[in-house]
Amino acid sequence: MTVGFLMLCHTALERAAQVARFWAESGAPVVIHVDSRAPRHEVEALHRRVSDLDTISFSARHACEWGTWSLVAATIDAAQQMLDRHPEVRHVFLASGACLPLRPLAELEAYLAVHPDTDFIESVTVADVGWTVGGIDTERFTLRFPFSWRRNRRLFDGYVRLQRRFGFRRNPPAGLVPHLGSQWWCLTRRTLDDILSDPRRKEYDRYFKRVWIPDESYFQSLTRLHARCVDSRSLTLVKFDVRGKPHIFYDDHLELLRRSNCFVARKIWPRADRLYDTFLSPRPAIGTAEPDTATIGRLFDHAAERRTRGRPGLYMQSRFPRQDHENGKTAAPYSVFQGFTELFPEFCGWLSRQAAGRVHGHLFSPERVEFAGGASVGPGCLTDSLPLRDYNPRAFLTNLIWNDRSARQCFMLSPRDTQPLNWFLATDPNAQISVVTGAWAVRLFRARRPFAQIRREAARLQRLETQQLGVLRSGYVKARVRIWTLSEFVENPTEPLQTILEEVGVRNPRQLLTPPQMVDLTGFGGFLQELRNRGMQPRLMGDFPAPGGWRSPGGAVSGEGEGS
Amino acid sequence: MDRQRGQFRGFLHRRELRAVSDRTGSIRHDDVLCFVTLRNERVRLPYFLDYYRRLGVRHFLIVDNDSADGSGEYLLDQNDVSVWHTSASYRASNFGIDWMNHLLRRYGSGHWTLTVDPDEFLIYPFHDTRPIGALTDWLDTYEIRAFPAMLLDMYPKGPFDAQPYHEGQDPFEIACWFDSGNYMIRKNEKQRNLWIQGGPRARAFFARRPEEAPSLNKIPLVRWSKDQVFLSSTHMLLPRRLNAVYDEWGGEKASGCLLHAKFLSPLRGKVAEEMTRNQHYGASREYRAYGSGLETTPDLWTNWSEKYINWRQLEILGLMSRGMWT
């Protein structure tokens, strides 16, 4: 069982010579096509390097340009030469100068001997491929492409547009169904001979000369007319990236390539010495294992994913998404609590005992950054410096969540805190925001300050919280938002606390929930009434009945204070 | 306009450079070239040159700004180094960038060029298994002309000069710690580059004036052509489309890091000298900040500092990315 190799070469000719020698010395004839634009001295060097091997010959040279007929013409000439000169060849294998055989030739020959009548060529109808890059798929076969995509991109695009506008179409020759596939195939002598000696070949050639990228469709379509048994896959391992270029293999892919059991791989970096040394050194043939590209496929899929979607919530030097293209504004789900520390002074301690998460205090407090445990430096060396935090608050938050993304982050918020991130939080699907509205008043209620100050502060905080609630209730919200009024929440705090805990993740699910100690709200209704009496309308707390009068715990006597 | 000015400044300042050892004739057309401005870096040079030789850099083009510590003599003995001497002002030459732009234009056009300081060490994805030519070939495939590498400040645990650095030593045996996640990024709409600040310098020396914290964004590896100039150190390039080294649609482009071995024992002398010379950026405010900071808070290390292992660690931490190069 003899297999003959066609090699299409244009650069790195010294590597091509090495590979050709490997095949020829193993007993396979080789026909080399060298791009007629390759530098003369390199071509001469290539001839010299293989001149001692009479099973290596050179075919007529064409100037090959990607996407054009020239590649097919070069292949046809080389194939014809192979069939004419080497009658012993049963299979013809099309390879490039950047291909590297991964298994000894004897293994490939044994494999082909088991499949003597099979044509290994990826060949899929246009409707079924999803991998074409550039937006031209069916139109490859129905439009004409006389202009070079590489050199005259504007003419190319313009002519395509023109044909589309005038509804130009042409039909493939009768009986021919266009198929697409990898340009690297291995055909039986019989199929190849039938294709090249087909009486209608002139007609086919004329058609394919105006097809876009015919090297991916000429043999792939014509094989369907002549083959007895098509195995629609390529024996050459080649993976394309999201830009439509073949992935390159380097020395560090050695083990991966070895374990793939593929016969030939492309594209190899010309200076990957270790790959060339390893795979071109003589080795015994072991078996006829089936090629398995799953591992390599996963690796390259992962690369495509990283290039196109990136890591959610990461902002860095080579990933800085525009708004709404973040693919994850933050790296992981997190919880924000507003109004809880006012109502439950021990809330942070309680939450960190109950929930499996990192519980920070008021990260955006105007006094200090309250990292969990009162630390002055947080994950990723974020510091508690207020100017640094406020210099870029969004970076502060996204960094914190990214740095400690294995733990669920929880932090407290209040209308007292700096709030540049309201819109960011509200539009982040990772955010879970729980708000007890008006709870800030509890803090004022317990404060021992002159009532005039309290009233002013109450008006300010109410204004800020109202603005914030406007954001949280807008139609753009993506966060999971829960809002209770203070009176609603106080009536039955256990149920909402339970829900929140479950979302954060409970440390010990079997334990019955013991809510944290709530502040004593006796007289709170009177406090609110007093605010009303001073001309401020507390709106966010809900209903608190006001039995009797109210005395400030700080001794601020009602009646004194400001106007307005 | 800025670009013409940059080119013109390079042209004006070219006369300040006197070739001491011009070996540029030995440069081959596909060599990766390294461009450096330095002053009194003798102790750092052996490791620096070897590091980049190992990556596959073929020729170094160095401006010696009047070194007095034997740097010039040492460089003369290196076969792959061309040296220009100048005693002109570092500050007047836009902190060396005018000199670099001139040499880049003259010798770098058509080459992949690496413009770094003697305390900056390039890390790119797979640098431990693939020479720099693998990266530049790959970038050429996609017609990418600029490769970003953020400056990552490295520091030792304890005072930065507790363990003296000796010649030929890997600086990251001593300064092996870094900040993994406190970098702040915003986009410079005018030049389209990202402006990155943060790291140990921002938190230790600029916590009260974050806007003055040093820029960490750098584009050191560039396929040079005559119409290009560096605008401000290697932070910004013109034409500005070269600054678009980041993805804006959620994906990640390939990037590296410049490990910055600044916080080592040679810094002590530098700070003292710069306080009087006043030749550095922003009226040397960075050095001034160290001058005060290095006496009061000499230890940059924190509980959250990360110890450097390899590029894969930097990638996992999100400081660099392989993009789709795999």
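Residues numbered from 1 in each chain as written. Chains lettered and ligands numbered in written order. Predicted model: local features only at pLDDT ≥ 70, side-chain atom pairs only at ≥ 80, totals over all residues. Heavy atoms only, no water.

- Taking an unreviewed UniProt entry as the reference, chain B is identified by name as Glycosyl transferase family 2 belonging to Paenirhodobacter enshiensis.

## What to know about the environment of R61 of chain A
All names here are of chain A.
Okay, so step 1: Take R61: it is sitting in the loop between β3 (56-58) and α3 (70-85).
Okay, so step 2: For R61, a relative accessible area of 38% corresponds to the partly exposed category.
Okay, so step 3: Sequence spacing of R61 and P214 is 153 residues, and the spatial spacing of their C-alpha atoms is 18 Å.
Okay, so step 4: Excluding residues that lie within four positions of it along the chain, R61 makes contacts with H33, V34, D35, S36, R37, A38 and V43. (Helix = DSSP H or I, 4+ residues; strand = E, 2+ residues; numbered from the N terminus. Buried < 20%, exposed > 50% of the residue type's maximum accessible area, 1.4 Å probe, protein only. Contact = heavy atoms within 4.5 Å.)

## Section: the packing of helix α1 (residues 13-26) of chain A against helix α11 (residues 273-280) of chain A
Two numbers describe a pair of packed helices, the interaxial angle and the distance between the axes.
Residue and element names in this part refer to chain A.
Okay, so step 1: One way to put it is that α1 packs onto α11 with a least axis distance of 11 Å and a crossing angle of 10°. Classified by the interaxial angle, the pair formed by α1 and α11 is roughly parallel. Note that α1 runs across α11; the crossing there is left-handed. Where α1 abuts α11, its residues R15, Q18, V19 and F22 lie against D273, Y276, F279 and L280.
Okay, so step 2: Here the contact of α1 with α11 is built from residues that sort into five nonpolar, one polar and two charged. (Axes fitted to C-alpha atoms, helices over the stretch in contact; angles between N-to-C directions. Parallel < 35°, antiparallel > 145°, perpendicular 65-115°, else oblique. Left-handed = near helix turned anticlockwise from the far one by under 90°. Nonpolar A, V, L, I, M, F, W, Y, C, P; charged D, E, K, R; others polar.)

## Observations regarding the packing of aromatic side chains
Residues and elements named next belong to chain A.
Okay, so step 1: All told, the structure shown has 55 aromatic pairs over all chains when counted by the stated rule.
Okay, so step 2: Between W66 and W212 the ring centres are 5.7 Å apart and the planes differ by 90°, which places this aromatic pair in the edge-to-face class. Pair noted here: W66 is in the loop between β3 and α3 and W212 is in the loop between α8 (201-208) and α9 (218-226), with a separation of 146 residues, a long-range link.
Okay, so step 3: With 6.1 Å between their ring centres and 35° between their planes, F371 and F396 make a pair best called tilted. (Phe/Tyr/Trp six-rings, centres within 6.5 Å; stacked < 30°, edge-to-face > 60°.)

## Some details on the pairing of strand β4 (residues 81-86) of chain B
Residues and elements named next belong to chain B.
Okay, so step 1: Counting buried positions along β4 gives six out of six residues, so the element sits mostly inside the fold.
Okay, so step 2: A two-sided burial pattern is seen for β4, the buried positions comprising V81, V83 and H85 on one face and S82, W84 and T86 on the other.
Okay, so step 3: Sheet topology places strand β1 (residues 18-21) next to β4; three bridges connect them, and they run antiparallel. What sits directly across from R18, in β4, is H85.
Okay, so step 4: Where strand β3 (residues 59-65) lies against β4, six bridges are found, and the strand directions are parallel. Looking at β4, one finds that F60 is bridged to V81.
Okay, so step 5: You can see the chain leave β3, run along helix α3 (residues 71-76) and come back into β4, and the turn it takes is right-handed. (Pairing = 2+ DSSP bridges. Right-handed = clockwise from strand over helix to strand, strands pointing away.)

## Let's talk about the pairing of strand β16 (residues 431-437) of chain A
All names here are of chain A.
Okay, so step 1: The buried fraction of β16 is high, at seven of seven residues.
Okay, so step 2: The alternating pattern of β16 places A431, I433, V435 and T437 on one face and Q432, S434 and V436 on the opposite face, and all of these are buried.
Okay, so step 3: Of the pairings in the sheet, the one linking strand β13 (residues 334-338) to β16 comprises five bridges and is parallel in character. Residue pairing across strands places Q338 opposite V435, the latter belonging to β16.
Okay, so step 4: Note: β16 against strand β17 (residues 480-485), six bridges, orientation parallel. Residue pairing for β17: I433 is matched across the bridge by V481.

## Here's the deal with the domain arrangement of chain A
Okay, so step 1: Splitting chain A by domain gives domain 1 (2-308) and domain 2 (334-518).
Okay, so step 2: Computed over C-alpha atoms only, the centres of domain 1 of chain A and domain 2 of chain A are separated by 61 Å. (Domains from an automatic or database assignment.)

## Some words on the sheet that holds β17 of chain A
Residues and elements named next belong to chain A.
Okay, so step 1: Reading across the sheet, the five strands line up as β14-β15-β13-β16-β17 and stay open at both edges, with parallel pairing between neighbours. Every interior strand has two partners, whereas the edge strands, β14 (358-362) and β17, have only one. Direction aside, the axes of adjacent strands within the sheet are offset by 15° on average.
Okay, so step 2: Contacts from helix α19 (residues 451-472) reach β13, β15 (409-413), β16 and β17, with the element oriented near 140° to β16.

## Details of the pattern of salt bridges
Okay, so step 1: Counting across every chain of the model gives 42 salt bridges over all chains.
Okay, so step 2: The partner of R228 of chain A in a salt bridge is D194 of chain A, and the shortest N-O contact between them spans 3.7 Å. Linking R228 of chain A in the loop between α9 and β10 (229-231) with D194 of chain A in helix α7 (residues 189-196), this pair joins segments that are 34 residues apart in sequence.
Okay, so step 3: With relative accessibility at 42%, the residue R228 of chain A sits in the partly exposed group.
Okay, so step 4: Among the residues examined, D194 of chain A registers a relative accessible area of 27% and is labelled partly exposed.
Okay, so step 5: Residues joined by salt bridges that share partners form a network here, namely R306 and R311 of chain A together with E252, E315 and R322 of chain B. (Salt bridge = Lys/Arg side-chain N within 4 Å of Asp/Glu carboxyl O.)

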